[in-house]
Each structure stands twice: as structure tokens, then as C-alpha cells.
Amino acid sequence: MPGRSATPRRYLMCPPAHFEVTYCINPWMDPAKPVDVPLALTQWEDLRDRYRSLGHHVDELDPLPGLPDMVFAANGATVVDGQVLGARFAHPQRTAEAAAHLYWFRERGYTAVREPVHINEGEGDFAVTASYVLAGRGFRSSPLSHAEAQEFFGRPVIGLDLIDPRYYHLDTALAVLDDAADEVMYYPDAFSPGSRAVLERLFPDALIATERDAAVLGLNAVSDGLHVLLPQAAVGLFDPLRARGFEPLGMDLSELLKGGGSVKCCTSELRDQEIRA
């Protein structure tokens, strides 16, 4: 079992001040189910504070009225080596979020910022390891966005086809556990047969999740190389993670699950070459 150590990270999050479910753009959303906004905010604050208690830096993006899904900050951009590839959303309800994210980055001195030509939903469909950018497609991000990301980041992009609408973004079906070691966990049935074969070839030692844990968005997780923050309902993942030397930390984001997101959806990682003020 490899020795594990946490690497300090920098994250971008957006409070759910305007969170609500008034439309349906994924199978998790039901406008008939009321949202408890104070509870959603408390759960979000617990996640933010847990990151800070682990030694990570958390920046906050100001939420905007009329954009209830801004809390899912992972969808707004992908940052690799200080380069920012913005998002272009598939659904008009989220379109304005893209500009809010790009404005935040430009105001903070990021200069390598690209407004994309093709539809991509940020880290919802892009997962970064030392060797690859794994890229989901099939429900949201366009396959054309993969070549755009590869050209911009200068890293090999591996396209993966999602086939189950419950797992409409890559970050609902796969999580990076140790980016430096190219270590992941995933739910095979979320992917096409060919994409499963690619994952088996690239990650033969991956942690394989069960349907039960995937169905509570257990793979919508964030790892710093040691601590793995994931939905507390994904109980079947805790012992396998511990067996690999990780420390799983269960989080309750049940209100945000009503919008189709959990830990990772709320968390964009700022992979800067240097820490920015």
C-alpha cells in the first residue's frame, strides 16, 4: 500500500444563496421537491470549513440572483498550470454562469484565459491527473471540446462516453484519488463498453464503485491525496478507501443533491503554478 500524504490545494466555491430547483436539466432535479436554502447553506459551509481545517485555501465566488446552479462551481472552468479554460454550458438556464467565472479569474490576474468555442462544463466533464485530462461526453460536453482542451492545455485528453443519464457529468461517475499517481475510482456501468476498456487499460488498479454507492453520487468526491471528501451516504466506499491508505471524510450535502450535485460539483480546483492573492 503506498504511503499517503495530503497536498495543499486551492479551491473555488460559490455559496448557495440563491439555490433552488425550478427547472429540470438532469434526472436528479424535481421542481416539486422544495429546497431548504438555510440548510443547503449550512451544509455548504461545513464543506468549505472542512477544506480549511485540512489546510486548504478556499476562494469564494459571489453568487448572482437568477443563477441557482452557481453553487456547482466545478462547472464554471478548468484550471491547469494557471491556464483557465472557461465553460460553455449546454442548457440556457446556466449560460450566464460562464461569464461570471471568467470575470472572477480575470479580475484576479489570470492572463491565460480562454473563452471556449465548444460546449464544455468545466470540471464536471474534465478530470485532471499528472498524465491525462479525462474528458466526459454524451450528455453535456461536446466531443469537439476535447481537442480544444488538448490544444490549450498541451496535455493528452482521453475521451470517455457516458451512457447513463443519472451520471450526466464525468464527475458523477469518476473521481481522481491521487492526481500525482494517476489513481482514480469509477463506476463502470456509467460508461460505454469501449470507454470501460480504456479505463481498465489506463487504470488497472482503480477502485471500482458499486451501483449502490454511485447512485448516491459517491463518486462526486474530492481528494487531496490523503483525505477523500465524499457523500456520507456512500458507505460502501469507506473501507476500500481506508484499505488503500486514504482517509474518507463523509459530508452531508443532501440539499444540494436535489440539484444533482455533491462534494465535487461544489468544488473547482485552482491548479495554479503559484498561489494568487
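Relevant structure appears above.
None of the values given here were measured: they were computed from a predicted structure.

Moving on to the environment of Trp104. Note on placement: Trp104 falls in helix α2 (residues 95-107). Along the sequence, Trp104 and Glu60 sit 44 residues apart, while their C-alpha atoms lie 9.7 Å from each other. Beyond its immediate stretch of four places on either side in the chain, Trp104 contacts Leu12, Asp59, Glu60, Leu61, Tyr110 and Leu270.

Glancing now at empty space enclosed by the protein. Within this structure, the stated rule accounts for two cavities of 30 Å³ or more. Computed from the structure, the largest cavity encloses a volume of approximately 240 Å³. Lining the largest cavity we find 21 residues, and of these Ala127, Val176, Ala221, Lys264 and Arg271 sit closest to its centre. Tallying contributions element by element places strand β9 (residues 174-178) first for the lining of the largest cavity, with five residues. Here the residues of the lining of the largest cavity sort into eleven nonpolar, two polar and eight charged.

Now for the sheet that holds strand β15 (residues 268-269). One open sheet holds the three strands; their spatial order is β2-β1-β15, and the pairing between them is mixed. Both outer strands of the open sheet, β2 (57-60) and β15, are each paired with one neighbouring strand and no more. Across four bridges, the pairing between strand β1 (residues 10-13) and β2 is parallel. The residue of β2 that forms the bridge with Met13 is Glu60. Its contacts with the sheet put helix α1 (residues 37-53) on β1 and β2, and the angle it makes with β2 is roughly 140°.

Definitions and limits used
Residues numbered from 1 in each chain as written. Predicted model: local features only at pLDDT ≥ 70, side-chain atom pairs only at ≥ 80, totals over all residues. Heavy atoms only, no water. Helix = DSSP H or I, 4+ residues; strand = E, 2+ residues; numbered from the N terminus. Contact = heavy atoms within 4.5 Å. 1 Å grid on protein atoms, 1.4 Å probe; cavity = no way out; pocket = protein on both sides within 12 Å on 5 of 7 lines; lining within 4 Å. Points joined across faces, edges and corners; volume = space filled by probe spheres on them. Nonpolar A, V, L, I, M, F, W, Y, C, P; charged D, E, K, R; others polar. Pairing = 2+ DSSP bridges. Axes fitted to C-alpha atoms, helices over the stretch in contact; angles between N-to-C directions.

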